[in-house]
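So the chains spell out like this:
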Amino acid sequence: MTEIDHRHLGRDSLFLMAEVRLPEADAEHRVKVRNLSAGGMMAEGAVKVQRGTSIEVNLRNIGWVEGVVAWIQDNRFGIAFHDEVDPKLARAPVGSGAQTPRFVKPPLLNQPLGPVRKI
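Residues numbered from 1 in each chain as written. Predicted model: local features only at pLDDT ≥ 70, side-chain atom pairs only at ≥ 80, totals over all residues. Heavy atoms only, no water.

Looking now at the pattern of salt bridges. Applying the stated criterion across every chain, the model contains five salt bridges. The salt bridge involving R21 is made with E28; its shortest N-O contact spans 3.7 Å. Between E56 and R21 there is a salt bridge; the shortest N-O distance is 2.5 Å. Residue E56 is found in strand β4 (residues 54-59), and its partner R21 is found in strand β1 (residues 12-21); the two are separated by 35 residues along the sequence. Judged by its relative accessible area of 24%, R21 is partly exposed. Bridged by salt links that share partners, the residues R21, E28 and E56 form one connected network. (Salt bridge = Lys/Arg side-chain N within 4 Å of Asp/Glu carboxyl O. Helix = DSSP H or I, 4+ residues; strand = E, 2+ residues; numbered from the N terminus. Buried < 20%, exposed > 50% of the residue type's maximum accessible area, 1.4 Å probe, protein only.)

Pasting the structure below:
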């Protein structure tokens, strides 16, 4: 796909956090994901990158994805993925959701109340 072809893919505007790393560096940098499509994403953060640089991004529920920096503007930059991803996975809740934690359950919904007294 050419750069123009990538622009026609549907993008989801969202706000997620992700980690990016440059292959030659050991450090990971936290960035904000501003939009995400199957072919790429826009990130915002204080990472010094150059256009054409190989980069890896760790997306929630997807894992590490390889790509290349497609453009840079101020503290935002675009990443074109080498392989397409499913952007809906990044929106899905983390974990299986098999059990609701006790602290989010409604308190005493089915418990009978005793006599109520006016104070």
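There's plenty left to go through after this.
One broad trend across soluble globular proteins is that nonpolar side chains are buried collectively. By size, the foremost hydrophobic cluster in this structure holds 22 residues, and its most contacted members are L36, M41, I55, V57, L59, F77 and F81. Among the elements of the structure, β1, β2 (28-36), β3 (40-44), β4, β5 (63-73) and β6 (76-81) are those that each provide at least two residues to this core. Looking at this core element by element, the count peaks at four residues for β1. Setting aside its immediate chain neighbours within four residues, I55 contacts V20, R21, L22, P23, V49, V65, E66, G67, V68, V69, F77 and I79. (Core = buried A, V, L, I, M, F, W, Y, C linked by side-chain atoms within 4.5 Å. Contact = heavy atoms within 4.5 Å.)

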